[in-house]
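Each chain, letter by letter, is given below.
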Amino acid sequence: MDFNCLHPTIVFQEVPQEISLCFSITGCRVGCKGCHSTELWDPKQGEPLSNQRFTHWIERYQGLISCVLFFGGEWQPKTLIEKLHIAKSYGLKTCLYSGEQHVDMAISSQLDFLKTGRWVPELGGLDSPRSNQVFRDMHTLEKLNHLFITSPSHTSIAGADNVAA
Ligand code: SF4
């Protein structure tokens, strides 16, 4: 079964050094206190993201994007993995922003980048040195949070993370 997503957007900061086509998947069950994206809690919000529709979006932005980013969707692993396979078949990198602490290996093995950890207002997002959230290169397993903290142009990752997943 397909999950629903909001209208995709192009984002520049959520995956450092990549131009990402971002799909915000609805149906988040993490329930972070202080979530500013509660519209993502209702799985009926947005439109179904069929593989055909997903492919259409990728082809529309082919040559302009380098990465596909999902805000959520890990609660439907089979559906998400299908999309990740499609993205990779177009030579694109893949990233998932999850509010969970751990993500199924079947998913993480298909990712170039993974952000884990729920939103905790007192600790802040990836641009906070105290953050509980972790952004990792899934090939080297290196933690890349420092890229969010030191980038002078990076001003909104906490807000972005609070927008989704
Ligand atoms: S902050 Fe993200 S992971 Fe947490 S409840 Fe909101 S949408 Fe879900």
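Predicted model only: the values in this text are computed from it and were never measured. (Residues numbered from 1 in each chain as written. Predicted model: local features only at pLDDT ≥ 70, side-chain atom pairs only at ≥ 80, totals over all residues. Heavy atoms only, no water.)

Draft legend 1. Quick peek at unusual backbone geometry. In this structure, Gln17 takes a positive phi of about 65 degrees despite not being glycine. By the element assignment, Gln17 lies in the loop between strand E2 (9-11) and strand E3 (20-24). Unlike most non-glycine residues, Leu141 shows phi in positive territory, near 65 degrees. Along the chain, the position of Leu141 falls in the loop between strand E8 (134-137) and helix H4 (145-150). The partly exposed category is assigned to Leu141, whose relative accessible area is 49%. (Helix = DSSP H or I, 4+ residues; strand = E, 2+ residues; numbered from the N terminus. Buried < 20%, exposed > 50% of the residue type's maximum accessible area, 1.4 Å probe, protein only.)

Draft legend 2. Seen up close, the layout of surface pockets. As a volume, the largest pocket reaches approximately 180 Å³. In terms of lining residues, the largest pocket is bounded by Gln101, His102, Val103, Met105, Ser108, Leu114, Thr116, Val134, Arg136 and Met138. (1 Å grid on protein atoms, 1.4 Å probe; cavity = no way out; pocket = protein on both sides within 12 Å on 5 of 7 lines; lining within 4 Å. Points joined across faces, edges and corners; volume = space filled by probe spheres on them.)

Draft legend 3. Expanded view of the environment of Val68. Mapped onto the fold, Val68 is located in strand E5 (residues 67-71). Looking at Val68, the relative accessible area reads 0%, which means it is buried. For the pair Val68 and Leu84, spaced 16 residues apart in sequence, the C-alpha separation works out to 8.1 Å. Among all residues touching Val68, those that are not within four sequence positions of it are Leu21, Phe23, Phe54, Ile58, Ala87, Leu92, Lys93, Thr94 and Cys95. (Contact = heavy atoms within 4.5 Å.)

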